[in-house]
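Now for the letters of each chain:
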Amino acid sequence: MKPAVKREIQEIIREIDGIARELEELSHGINQEFKGIGATVCSKNMQALSSKYRYVSNDLRRTL
């Protein structure tokens, strides 16, 4: 793999990891600040989305 391509993939991985972290932080914040079924559902959905981003990130790491 060309070094430029590898660097680009690494940058994408960093971006994806950042998005996943932000989603986890938002999910945690929703759990702390809001109560009720809607907040729980929203928080769980954000966690699920974060997990999907992490999966993509890990998959990209395997390509390196």
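Below you will find a few notes about this structure. Just so it is clear, the model here is predicted, and its values are computed rather than measured.

1. Focus on the environment of L64
Then, in step 1: Along the polypeptide, L64 turns up in the segment after α2 (37–63).
Then, in step 2: Taking relative accessible area as the criterion, L64 reaches 38% and is therefore assigned partly exposed.
Then, in step 3: The spatial distance from the C-alpha of L64 to the C-alpha of K6 is 6.8 Å, given a sequence separation of 58 residues.
Then, in step 4: L64 has contacts with M1, K6, I9, Q10 and I13, leaving out every residue within four places of it along the chain.

2. Focus on α2
Then, in step 1: Here α2 spans 40 Å end to end across 27 residues, near enough to the 39 Å set by a 1.5 Å rise per residue.
Then, in step 2: Three or more residues of α2 are buried, namely A39, S43, M46, S50 and S57.
Then, in step 3: Elements in contact with the buried residues of α2: α1 (3–33).

3. Structural notes on α1
Then, in step 1: With 31 residues, α1 extends 45 Å from end C-alpha to end C-alpha; this agrees with the ideal 45 Å at 1.5 Å per step.
Then, in step 2: Looking at the buried positions of α1, the neighbouring elements they touch are α2.

4. Details of the pattern of salt bridges
Opposite charge on two side chains permits them to pair, given that their charged atoms come into close proximity.
Then, in step 1: Applying the stated criterion across every chain, the model contains five salt bridges.
Then, in step 2: One salt bridge connects D17 with R61, and the closest N-O pair in it is separated by 2.5 Å. Of this pair, D17 sits in helix α1 while R61 is found in helix α2, placing the two residues 44 residues apart along the sequence.
Then, in step 3: Residue classification places D17 among the buried positions, given a relative accessible area of 11%.
Then, in step 4: One salt bridge connects D59 with R62, and the closest N-O pair in it is separated by 3.1 Å. With D59 and R62 both in helix α2 and three residues apart, the pair spans about one turn of that helix.
Then, in step 5: Assessed through its relative accessible area of 36%, D59 is described here as partly exposed.
Then, in step 6: Taken together, the shared-partner salt bridges connect D17, E24, R54 and R61 into one network.

Cut-offs used in this document
- Residues numbered from 1 in each chain as written.
- Predicted model: local features only at pLDDT ≥ 70, side-chain atom pairs only at ≥ 80, totals over all residues.
- Heavy atoms only, no water.
- Helix = DSSP H or I, 4+ residues; strand = E, 2+ residues; numbered from the N terminus.
- Buried < 20%, exposed > 50% of the residue type's maximum accessible area, 1.4 Å probe, protein only.
- Contact = heavy atoms within 4.5 Å.
- Expected span 1.5 Å × (residues − 1).
- Salt bridge = Lys/Arg side-chain N within 4 Å of Asp/Glu carboxyl O.

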